[in-house]
Amino acid sequence: MTGKCLETNFSLINGIKIDELEVKSFSRENIPYEFYLKESLTLKKSSDRPGFIKNLIFFDRPNANYYWENDSTWGIFDISVVNYKYRGSISKKSRSDYSYQKQYDIYPLAFKPNSWYLIDFIRTDLGENHREFLHVDDKNNFIFHKLKNVSED
């Protein structure tokens, strides 16, 4: 992964969700332990257009037949509560107020140095979760750490 694209060895046909995190504390493994949602963007398929991405998405240009949508009121709630203390939404927005939601052709944010993200690779198999922390270090290296899910407790 770079600030321009992400390539995986599995299909991204259902898109991804990227949550920027505010980390309050770290585990012994030096990954987020207690964290809050700051901003969330999801890459979604345009239902009215044919064609799919495979395993490569772009942040600096449009992904054909997909769009980014802002949705910063909901966090991911089926991750391990033993290993992480994800506090979900801290946005000051009401969950019934959709006026802030916007759609973008190009990923509207930049990945910031010394920041943490939670990436939800939305899998094609129902019930199969694949989530990873992403740390962008001070040299703009992108470092992934796999998350434990509820079923792994």
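Figured I'd write up the structure that's included with this text. These numbers were taken from a predicted model, which means no experiment stands behind them. (Residues numbered from 1 in each chain as written. Predicted model: local features only at pLDDT ≥ 70, side-chain atom pairs only at ≥ 80, totals over all residues. Heavy atoms only, no water.)

## Comments concerning the packing of aromatic side chains
As enumerated under the stated definition, the model contains eleven aromatic pairs in all. Relative to Tyr107, the ring of Trp68 has its centre 4.7 Å away and its plane inclined at 70°; by these criteria the two rings are edge-to-face. With Trp68 in strand E5 (residues 66–70) and Tyr107 in the loop between strand E7 (103–104) and strand E8 (115–121), this pair connects stretches of sequence that are 39 residues apart. Judged on exposure class, the residue Trp68 and its partner Tyr107 are both buried. Against the face of Tyr66 rests Lys45, its NZ or CZ located 5.8 Å from the ring centre. Lying over the aromatic face of Phe58, Arg61 brings its terminal NZ or CZ to 3.7 Å of the ring centre. (Phe/Tyr/Trp six-rings, centres within 6.5 Å; stacked < 30°, edge-to-face > 60°. Helix = DSSP H or I, 4+ residues; strand = E, 2+ residues; numbered from the N terminus. Buried < 20%, exposed > 50% of the residue type's maximum accessible area, 1.4 Å probe, protein only. Lys NZ or Arg CZ within 6 Å of the ring centre and 35° of its normal.)

## Considering the pattern of salt bridges
Per the stated rule, a full pass over the model turns up six salt bridges. Between Lys17 and Asp19 there is a salt bridge whose closest N-O contact spans 2.9 Å. Salt-bridge contacts for Glu22 lead to Lys24; the nearest nitrogen and oxygen are separated by 2.8 Å. (Salt bridge = Lys/Arg side-chain N within 4 Å of Asp/Glu carboxyl O.)

## Notes on the environment of Leu6
Assignment of secondary structure puts Leu6 in strand E1 (residues 5–7). In the structure, Leu6 is positioned 49 residues away from Asn55 in sequence and 8.1 Å away in space, judged by C-alpha atoms. When near neighbours in sequence (up to four residues on either side) are disregarded, Leu6 contacts Met1, Ile16, Asn55, Leu56, Ile57, Phe59, Phe121 and Phe144. (Contact = heavy atoms within 4.5 Å.)

## Digging into the side chain of Ser46
Tracing the backbone through its elements, the reader meets Ser46 in the loop between strand E3 (32–45) and strand E4 (56–58). Leave out the neighbours within four places in its chain, and Ser46 touches Asn65, Tyr66 and Tyr67.

## Comments concerning the pairing of E5
For E5, the tally of buried residues reaches five of five residues, placing the bulk of the element in the interior. By the alternation rule, side chains of E5 split into Tyr66, Trp68 and Asn70 and Tyr67 and Glu69, which are all buried. Bridge analysis of E3 against E5 gives five bridges, and the strand direction is antiparallel. Within the sheet, the bridge partner assigned to Lys45 lies in E5 and is Tyr66. Across two bridges, the pairing between E5 and E7 is antiparallel. The partner of Trp68 across the bridge, within E7, is Tyr104. (Pairing = 2+ DSSP bridges.)

These results come straight from atomic positions and should not be treated as a statement about function.
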